Amino acid sequence: MISHVFIGVAEFARAFDFYAAVMPELGLALKFSDPAKPWAGWMKPDSPRPLFLIGHPFAGRHAAGNGQMTALLAPSRAAVERAHATALAHGATCEGAPGLRPEYHARYYGAYFRDSEGNKLCVCCHE
């Protein structure tokens, strides 16, 4: 259903370092990085889509939106915990510690954080 998600970042080098640390915790591999554009993308190693992309926002406008969030699927609850801890260790702010969220469904296990640009992300597992 989804081809790609694009997250706008003003400081590409800092954002790239952040996502380069977090994405492997979710089993995602770097597909490309072009600092000259600047943009970068990650994917599951065995599938070309969907892509998770970061780069300068369109027309140089502010990158982070209020009320927008991207949720990334984690392969396990342990991966949720690792990704959240890695994000915080790389400058993210916590928006919700790892844990069950039964208000979504009985097995929903998620964690929330904001990157250095203010983009809100969730990492979650449905198992």
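The shown structure was predicted, so the numbers you read here are calculated from the model rather than taken from an experiment.

Rules and cut-offs
- Counting restarts for each chain: residues are numbered from 1 in the order of the written sequence.
- Selection of residues for local features in this predicted model requires a pLDDT of at least 70, selection of side-chain atom pairs for listing and counting requires 80 or more, and totals for whole chains, interfaces and linings are taken over all residues.
- The side-chain values count all of the structure's non-hydrogen atoms but skip hydrogen atoms and water molecules.
- Numbering of helices and strands runs from the N terminus; a helix is a DSSP stretch of H or I covering at least four residues, while a strand is a stretch of E covering at least two.
- To estimate the expected span of a helix, count its residues, drop one, and scale the result by 1.5 Å.
- Exposure is judged per residue with a 1.4 Å probe applied to protein chains only, and the accessible area is read against the type maximum: over 50% gives exposed, under 20% gives buried, and values in between give partly exposed.
- This arc is built from the directions going out from the helix axis to the C-beta atoms.
- Contacts: residue pairs with any heavy atoms within 4.5 Å of one another.
- Strands pair, by our definition, only if DSSP identifies at least two bridges between them.
- Geometry is summarised by axes, namely lines fitted to C-alpha atoms with helices restricted to the contacting stretch, and by angles between N-to-C directions that run from 0 to 180 degrees.
- Residues belong to a common nonpolar core when they are buried Ala, Val, Leu, Ile, Met, Phe, Trp, Tyr or Cys residues joined through side-chain atoms within 4.5 Å.
- Under the rule applied, a polar contact is a pair of N or O atoms within 3.5 Å (in protein, one hydrogen donor and one hydrogen acceptor; residues adjacent in sequence only if both atoms are side-chain atoms).

Engineer: Provide a residue-level description of helix α2 (residues 77–89), including the pertinent values.
Structural biologist: Here α2 spans 18 Å end to end across 13 residues, near enough to the 18 Å set by a 1.5 Å rise per residue. For α2, the full list of buried residues reads Ala79, Val80, Ala83, His84, Thr86 and Ala87. When α2 is viewed along its axis, its buried side chains cluster within an angular range of 165° and face the same direction. For α2, the secondary structure elements touched by its buried residues are α1 (12–22), β6 (93–100), β7 (109–114) and β8 (120–125). Looking at the residues trailing α2, positive phi occurs at Gly91, about 100°.

Engineer: Outline the sheet that holds β7, supporting the account with residue identities and numerical values.
Structural biologist: The 4 strands are arranged β5-β8-β7-β6 in an open sheet whose pairing can be described as mixed. One side of each edge strand has no neighbouring strand; the edge strands of this open sheet are β5 (69–73) and β6. Shown here is a sheet whose adjacent strand axes are inclined to one another by a mean of 15°, direction ignored. Of the pairings in the sheet, the one linking β5 to β8 comprises 5 bridges and is parallel in character. Following the sheet pairing, Thr70 is matched in β8 by Leu121.

Engineer: Which residues make up unusual backbone geometry, and what are the values?
Structural biologist: Put simply, Lys37 and Pro38 share a cis peptide bond, and its omega is -15°. Summarising the element assignment, Pro38 is placed in the loop between β2 (29–34) and β3 (39–43). Look at the link from Arg49 to Pro50: it is a cis peptide, with omega at 0°.

Engineer: Lay out the nonpolar core with the relevant residues and their values.
Structural biologist: Ranked by internal contacts, the top residues of the largest apolar core, which has 28 residues, are Tyr19, Trp42, Phe52 and Ile54. Looking at this core, the elements with two or more residues in it are α1, β3, β4 (51–55), α2, β7 and β8. Here this core takes 6 residues from α1, the largest share from any one element. When sequence neighbours within four positions are dropped, the list of residues in contact with Ile54 reads Phe6, Ile7, Val9, Phe12, Ala15, Phe16, Tyr19, Pro38, Trp39, Ala40 and Trp42.

Engineer: Go over the side chain of His84 with me, naming the residues and quoting the values.
Structural biologist: As for its placement among the helices and strands, His84 is situated in helix α2. Under the relative-accessibility criterion, His84 is labelled buried at 5%. Polar contacts involving the side chain of His84 include one to the main-chain carbonyl oxygen of Tyr112, which spans 3.4 Å. Look past the residues within four positions of His84 in its chain and what remains in contact with it is Cys94, Gly96, Ala97, Pro98, Ala111, Tyr112 and Phe113.

Engineer: Before we move on, could you go through the sheet that holds β2 and cite the residues and values that matter?
Structural biologist: The strands that make up a sheet are held in pairs by hydrogen bonds between backbone atoms, and each pair lies either parallel or antiparallel. Reading across the sheet, the 4 strands line up as β1-β4-β3-β2 and stay open at both edges, with mixed pairing between neighbours. Here the strands that pair on one side only, and so sit at the sheet edges, are β1 (4–8) and β2. Strand-to-strand twist across the sheet, computed as the mean angle between neighbouring axes with direction ignored, equals 15°. With 4 bridges joining them, β3 and β4 adopt antiparallel strand pairing. Note on β4: the bridge partner recorded for Trp39 is Gly55. Docked against the sheet, α1 engages β1, β2, β3 and β4, running at close to 10° with respect to β3.

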